[in-house]
Amino acid sequence: QVQLVESGGGLVQPGGSLTLSCVASGFTFSNHAMSWYRRAPGKERELVAIITGDGRSPGYKDSMKGRFTIYRDNAKNTVYLQMNSLKPDDTAVYYCHAPVLDSWGQGTQVSVSS
């Protein structure tokens, strides 16, 4: 049974940082690319970052490049999203996704506000 469980969300002030975690189970984690999406209030779901199974080819949407970093620890079956210089527009529910399996986590809320 494929499962993705996100954690690490919360309330942070503008300019602050958070690191999200996604623990995967039920498949061979290192064989799969992983990605992070987000859905902000009143907006469509959008891709934030994606990383290959070996962790060597991260990619980012332009608005997140330079602030967000995706990385993974295959020994722990975990993919991370490090978020720096957070802005109020980053407020959203963040989801972990396994593209080939089309499997989603339950989401974790990130709120950026003073």
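The following refers to the structure shown. What you are looking at is a predicted structure, and each value in this text was computed from that prediction instead of being measured.

The rules behind these values
- Residues numbered from 1 in each chain as written.
- Predicted model: local features only at pLDDT ≥ 70, side-chain atom pairs only at ≥ 80, totals over all residues.
- Heavy atoms only, no water.
- Helix = DSSP H or I, 4+ residues; strand = E, 2+ residues; numbered from the N terminus.
- Rg over C-alpha atoms; globule rule 2.2 N^0.38 Å.
- Buried < 20%, exposed > 50% of the residue type's maximum accessible area, 1.4 Å probe, protein only.
- Pairing = 2+ DSSP bridges.
- Phe/Tyr/Trp six-rings, centres within 6.5 Å; stacked < 30°, edge-to-face > 60°.
- Lys NZ or Arg CZ within 6 Å of the ring centre and 35° of its normal.

### Regarding the overall build of the protein
Now for step 1: On a plain count of helices and strands, the protein comes out with zero helices and eleven strands.
Now for step 2: Starting at the N terminus, the α and β elements of the protein follow one another as β-β-β-β-β-β-β-β-β-β-β.
Now for step 3: At 13 Å, the protein has a C-alpha radius of gyration in line with the 13 Å of a compact globule built from 114 residues.
Now for step 4: For the protein, the spread of C-alpha atoms along the three principal axes comes to 40 × 25 × 25 Å.

### Quick notes on the pairing of strand 7 (residues 68–73)
Now for step 1: Of the two faces of strand 7, only one is covered, namely that formed by F68, I70 and R72; the face formed by T69, Y71 and D73 stays uncovered.
Now for step 2: By the bridge criterion, six bridges tie strand 7 to strand 8 (residues 78–83) in an arrangement that is antiparallel. Note on strand 8: the bridge partner recorded for Y71 is Y80.
Now for step 3: Count of turn residues in the strand 7/strand 8 antiparallel hairpin: four residues, of which N77 carries a positive phi of about 50 degrees.

### So, the packing of aromatic side chains
Now for step 1: With the rule as written, the count across this model stands at four aromatic pairs.
Now for step 2: With centroids separated by 5.1 Å and ring planes inclined at 65 degrees, the aromatic side chains of Y37 and W104 adopt a geometry described as edge-to-face. Residue Y37 is located in strand 4 (residues 34–39), and its partner W104 is located in strand 10 (residues 103–104); the two are separated by 67 residues in the primary sequence.
Now for step 3: Looking at W104, the relative accessible area reads 27%, which means it is partly exposed.
Now for step 4: Geometrically, the ring pair formed by Y71 and Y80 is stacked, given 4.8 Å between the ring centres and 15 degrees between the ring planes.
Now for step 5: Taken together, the aromatic side chains of Y37, Y95 and W104 make up a single cluster linked through ring pairs.
Now for step 6: When the ring centre of Y37 is taken as reference, the NZ or CZ atom of R45 above it lies at 5.6 Å.
Now for step 7: Of note, R72 hangs over the ring of F29, and the distance from its end group to the ring centre comes to 4.2 Å.

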